[in-house]
Amino acid sequence: MQITTPQFSANAKDALADKDLQMALAKLRAGFTARRGKATDRLPEFDALCDQARAIKDHVLANLDDYLVRFEAKVIECGGQVHWCVDAAEARDVVLALCRDAGAKSATKSKSMIAEEIALNDHLEAHGIEPIETDLGEYIIQLAGEPPSHIIAPAIHKTKDSIADLFVKHHAKYGFDQRQDEASALLEEARQVLRSKYFEADVGITGANFLVAENGSIVTVTNEGNAELTQILPDTHIVIASLEKVVPTLEDATTILRVLARSATGQEFSSYTTFSAGGRRDGDLDGPSAFHVVLLDNGRSAMLGGEFQDMLRCIRCGACLNHCPIYGAVGGHAYGWVYSGPMGAVLTPQLIGIEAAGNLPNASTFCGRCEEVCPMRIPLPKMMRHWREREFETRLQPAVSRLGLALWSWFARHPTAYGLVARLAAWGLNRVGGRNRRIGWLPGAQGWTADRDLPAPEGKSFRALWAAGKR
Amino acid sequence: MSSRERILGAVRTGLEGRAEGRDPVAVEARLATHARGLIPARSQLDARGRLDLFIAMAEEVSTSVTRVSEMAEVPAAIAGYLAEHNLASAAKIAPDPVLDAIPWSKAPLLELNRGKGEDADRVSITCAFAGVAETGTVMALSGPHHPTTLNILPETHVVVLRADQIVGAYEEAWDRLRNSGRGTPRTVMLITGPSRSGDIEQTMQLGAHGPKRLHLVIVDDES
């Protein structure tokens, strides 16, 4: 997919003017956000479970090599294979080769952010294999030719009307010639169209929420049941997952599952949580005979031991997106790639480079809500600050910003000069503010004053009041 | 160097920067003991309480429940449910000795076929390995007696469950699985209500790709 992350500002402007998107984003608060609040209130142990979930992942990350090797051994024991892939290109090629080995013409897919990250669909299509997304949201954006705009609700930006348009356009060839206006009818139509695709597919590709080292299972979590149909009906099941998805035991997966659905959709538990290991056993009447786990690094190992290691605890619940004022204003597409919101602002620079993604860690008010709601206790604002530091160190910002920061840092280290300049500035701004106490234009700060007024300073500075004992 | 060696090498190099918590003995012990984490107090009840919680949580996610007092009442309960909802009386039934032992002739209108799920099946009947009261969840294990397709292809999935199969928390079900001696099944499904999707304008609709209805028949010998 085309990466538009460097154009974040322009993307954000477009997003603010997009009425449909703004309507969808307005629903987030009453939807995901409110439901998460209810679900967490209902479970008194929620905070303690988050602490445990965090400790599990910290333990795993500290011993990641050990757990990966043990997971691999158990997959093999269950009759499956593990394919280690250093980067996106290698993972794409491995999946393609596995599809070819299976003689596949088409592959059904259940939603996987890793598949988005490695741009798997384009690769399969380019080599004559039809990828079919089966998660309803992911199917809708596949028809629309768009990337996901939310990590758990990929078509959140689409209205019912625009979905109806897409279905009319793409489903006529299956004999659906009536436009449906009700969400339930649209869902039923998609169910019928996709049902035959499940049976036709030679390969089913799923992601994984967890890889369980204890017994070689991979865990999928869905509400629709599409991950199950995707993996049970074709003869080959390919799982694509990144390294950090491994957990030690079924108990550890369970602890994290208790905070996952509640944080994501505000459900007590998703409709389907499925543990799959290897191919069908002797005597089984269904299930795939071949089971492959494509284990992707793609920059994760480089995060270990450094300031971004904590990001590897992320379980992709989307709570940070749902509670972020920036995401809530501009939606996911503005971020220009696969991951959006606060988790995207931290992960994207790691995966595509700070040169392309420098805008993202700057798109934050540092209000801290993301960290507050993160069930894995990831210090997202702190990590965005780390990226800003790196951006500064590598001289990526415009000269004016760098000069401003350098000046500010000099004054911050010289309190007397700071006080003098602050008094001078306050006096000047006070004069500029005039009678209505608003500043509508300020040289060098048009980025602020173009869209809003700056209130004129009133009276003395905070430091002066503090010194005078007015606390 | 293989990709496997490169990745493991990179992981080890990275971890040299943060040595705390690195502990092969703890890894071994964790996998051997599979210690439980915090278990929510809500699920720690006596058998009666567990059954009540299980039913309440199941109904909350649109699972429907019928209670009967013995296996012999199951056929009439299922036939009654299907008739009440205007559903086909033909069902695909799991090839399970427990189901085979049920006197189906008591519901002569039910037309049963044994086997795995197929596209044409409208109704399926299976047992389950356990019920989890915490969230009203049914745990289904794949195996010769329980094809996974029956859980997911038909529009209506009917599950026959004995009350003594209901545990409080998921962890109790994991222990029952380990103690059953059947090893790791190909598929373990935790099913919490019928299939649903919120992908159209964030409004939850039932019946996405899996069953539109999940019905439990709970056999409670004590009642």
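Because the structure is predicted, anything quoted here is derived from the model rather than measured.

Asks: It is not clear to me how the overall build of chain A should be interpreted in this structure. Could you clarify?
Replies: Summing up its helical and strand segments, chain A has 22 helices and 12 strands in all. The globule rule puts the C-alpha radius of gyration for 471 residues at 23 Å, and the 25 Å found for chain A is close to it. Reported as C-alpha extents along the three principal axes, the dimensions of chain A are approximately 85 × 55 × 45 Å. Counting across all 471 residues of chain A, residues that qualify as buried make up 53%. Across chain A, every contact between residues at least 6 apart in sequence was considered, and the portion connecting residues at least 24 apart equals 74%.

Asks: It is not clear to me how the overall build of chain B should be interpreted in this structure. Could you clarify?
Replies: When you go through chain B residue by residue, the secondary structure sums to seven helices and 12 strands. Seen through its C-alpha atoms, chain B measures out along the principal axes to roughly 70 × 40 × 40 Å. Every one of the 223 residues in chain B was classed for burial, and the buried ones make up 48%. In chain B, the share of contacts with a sequence separation of at least 24, taken over all contacts with a separation of at least 6, comes to 74%.

Asks: When you look at the interface of chain B and chain A in this model, what are you seeing that I'm missing?
Replies: Accessible area lost upon the coming together of the parts is a frequently used measure of interface size. Counting residues at the interface gives 66 residues for chain B and 83 residues for chain A. Secondary structure elements with two or more residues in the side of chain B that touches chain A: α1 (3-15), α2 (24-33), α6 (149-152), α7 (170-179), β9 (187-191) and β10 (196-197) of chain B. If you tally residues by element for the side of chain B that touches chain A, the top one is α1 of chain B, at 10 residues. Among the residues forming the side of chain B that touches chain A, the class breakdown is 23 nonpolar, 26 polar and 17 charged. With five bridges connecting them, strand β9 (residues 272-276) of chain A and β9 of chain B associate as antiparallel partners. Counted as the bridge partner of Ser276 of chain A is Thr187 of chain B from β9 of chain B.

Asks: Could you clarify how one ought to interpret unusual backbone geometry in this entry?
Replies: It is generally the case that most residues other than glycine have a negative phi and that most peptide bonds are trans. All names here are of chain A. Backbone geometry at Ala119 places phi at a positive 50°, although glycine is not the residue there. Within the secondary structure, Ala119 is located in the loop between α6 (113-117) and α7 (120-126). Classification of Ala119 by C-beta neighbours within 10 Å gives partly exposed; the count is 15. With a phi close to 55°, Phe366 is a non-glycine residue in the positive phi region. When you line up the elements, Phe366 lands in the loop between α16 (354-357) and α17 (369-373).

Asks: It is not clear to me how the environment of Gly168 of chain B should be interpreted in this structure. Could you clarify?
Replies: Residue and element names in this part refer to chain B. Following the sequence through the fold, Gly168 ends up in the loop between β8 (166-167) and α7. Classification of Gly168 as buried rests on a count of 23 C-beta atoms within 10 Å. For Gly168, the contacting residues outside a window of four places in its chain are Ser43, Gln44, Leu45, Arg50, Ala133 and Glu134.

Asks: I would appreciate a short explanation of α7 of chain B in the present structure.
Replies: Because the α-helix completes a turn every 3.6 residues, residues three or four places apart line up on one side. Of the positions making up α7 of chain B, those classed as buried are Tyr170, Glu171, Glu172, Ala173, Trp174 and Leu177 of chain B. On its buried side, α7 of chain B packs onto α12 (250-264) of chain A together with β5 (130-132), β6 (137-141) and β8 of chain B. Positive backbone phi, approximately 75°, marks Gly181 of chain B, located one or two places after α7 of chain B.

Asks: Teacher, can you tell me more about the nonpolar core here?
Replies: Soluble globular proteins tend to bury their nonpolar side chains together. Within the largest apolar cluster, 185 residues are counted, with the highest numbers of intra-cluster contacts made by Ile240, Ala241 and Val294 of chain A together with Met139 of chain B. Ranked by the residues each element gives to this core, the list is headed by α12 of chain A, at eight residues. In contact with Ala241 of chain A, other than residues within four places in its own chain, are Ile114, Gly207, Ala208, Leu211, Ile218, Val293, Leu295 and Leu296 of chain A.

Asks: I keep staring at the pairing of strand β6 (residues 217-222) of chain A and nothing clicks. Help me out?
Replies: The side chains of a regular strand alternate between both faces of the sheet. Residue and element names in this part refer to chain A. For β6, the buried fraction is high: six of the six residues fall into the buried class. A two-sided burial pattern is seen for β6, the buried positions comprising Ser217, Val219 and Val221 on one face and Ile218, Thr220 and Thr222 on the other. Hairpin connection from strand β5 (residues 210-212) to β6: four residues lie between these consecutive antiparallel strands, with Gly216 at a positive phi of about 75°.

Asks: Explain the sheet that holds strand β2 (residues 106-109) of chain A to me, please; I cannot follow it from the model alone.
Replies: All names here are of chain A. Pairing within the open sheet is parallel, and its six strands lie in the order β1-β10-β7-β4-β2-β3. A strand with exactly one partner marks an edge of an open sheet, and here the two such strands are β1 (81-85) and β3 (130-133). Ignoring which end each strand starts from, the neighbouring axes of this sheet average 25° apart. Relative to β3, β2 is paired through four bridges, and the arrangement is parallel. Bridge pairing in β3 links Thr108 to Ile132.

Asks: Honestly, the sheet that holds β5 of chain B in this entry has me stumped. Any pointers?
Replies: In any sheet, the strands associate via hydrogen bonds between backbone groups, in a parallel or an antiparallel arrangement. Within the open sheet, the eight strands sit side by side as β8(A)-β5(A)-β6(A)-β9(A)-β9(B)-β6(B)-β5(B)-β8(B). Their pairing is mixed. The sheet is open, and its two edges are formed by β8 (246-247) of chain A together with β8 of chain B, each paired on a single side. Pairing analysis gives four bridges linking β6 of chain B to β9 of chain B, with the strands arranged antiparallel. Each bridged residue has a counterpart across the sheet, and for Val138 of chain B the counterpart in β9 of chain B is Ile191 of chain B.

Asks: What am I meant to see in the packing of helix α9 (residues 160-171) of chain A against helix α10 (residues 183-200) of chain A here?
Replies: If you want to describe how two helices pack, look at the angle between their axes and the distance between the axes. All names here are of chain A. Their axes nearest at 11 Å, the elements α9 and α10 cross at an angle of 30°. When the axes of α9 and α10 are compared, the crossing they make is left-handed. Residue-level inspection shows Lys160, Ile163, Ala164, Phe167 and His171 of α9 in contact with α10, the latter providing Ala183, Leu186, Glu189 and Val193. A breakdown of the residues in the contact of α9 with α10 according to their chemical character gives six nonpolar, one polar and two charged.

Asks: Sorry if this is basic, but what is going on with the domain arrangement of chain A here?
Replies: Domain boundaries in chain A define domain 1 (47-301) and domain 2 (399-467). Measuring from the centre of the C-alpha atoms in domain 1 of chain A to the corresponding centre in domain 2 of chain A gives 52 Å.

Asks: Sorry if this is basic, but what is going on with the confidence of the model for chain B here?
Replies: Fine structural detail should not be taken from predicted coordinates in areas where pLDDT scores are low. Looking at chain B as a whole, its pLDDT mean stands at 96, while 99% of the residues score no less than 70. Both scores are given for the predicted complex: the pTM is 0.94, the ipTM 0.98.

Asks: Sorry, what's going on with the environment of Gly210 of chain B here?
Replies: Inspection of the secondary structure puts Gly210 of chain B in the loop between β11 (205-206) and β12 (213-219). C-alpha separation for the pair Gly210 of chain B and Ala101 of chain B, spaced 109 residues apart in sequence, amounts to 28 Å. In this view, Gly210 of chain B contacts Glu224, Gly225, Glu228 and Tyr272 of chain A together with Ile152, Pro194 and Ser195 of chain B; residues no more than four positions away in its chain are not counted.

Asks: Even after reading the chapter, I still don't get the packing of helix α8 (residues 136-144) of chain A against α9 of chain A, so can you show me in this structure?
Replies: All names here are of chain A. α9 packs onto α8 with a crossing angle of 65° between their chain directions and a minimal axis gap of 10 Å. With respect to α9, the axis of α8 lies roughly perpendicular. Like other packed secondary-structure pairs, α8 and α9 cross with a definite hand, here left-handed. Seen from α8, the contacting residues are Ile140, Leu143 and Ala144; seen from α9, they are Ile163, Leu166 and His170.

Asks: Hey, could you run me through helix α3 (residues 46-62) of chain A in this one?
Replies: Its 17 residues give α3 of chain A an end-to-end C-alpha distance of 24 Å, which sits within 8% of 24 Å, the value for a rise of 1.5 Å per residue. Those residues of α3 of chain A not exposed but buried are Leu49, Cys50, Ala53, Ile56, Lys57, His59, Val60, Leu61 and Ala62 of chain A. The elements touched by buried residues of α3 of chain A are α4 (64-77), β8 and α12 of chain A together with α1 of chain B.

About the cut-offs
- Residues numbered from 1 in each chain as written.
- Chains lettered and ligands numbered in written order.
- Predicted model: local features only at pLDDT ≥ 70, side-chain atom pairs only at ≥ 80, totals over all residues.
- Helix = DSSP H or I, 4+ residues; strand = E, 2+ residues; numbered from the N terminus.
- Rg over C-alpha atoms; globule rule 2.2 N^0.38 Å.
- Buried ≥ 20, exposed ≤ 12 C-beta atoms within 10 Å, placed from the backbone.
- Contact = placed C-beta atoms within 7 Å.
- Nonpolar A, V, L, I, M, F, W, Y, C, P; charged D, E, K, R; others polar.
- Pairing = 2+ DSSP bridges.
- Core = buried A, V, L, I, M, F, W, Y, C linked by C-beta atoms within 7 Å.
- Axes fitted to C-alpha atoms, helices over the stretch in contact; angles between N-to-C directions.
- Left-handed = near helix turned anticlockwise from the far one by under 90°.
- Domains from an automatic or database assignment.
- pLDDT = per-residue confidence, 0-100.
- Parallel < 35°, antiparallel > 145°, perpendicular 65-115°, else oblique.
- Expected span 1.5 Å × (residues − 1).

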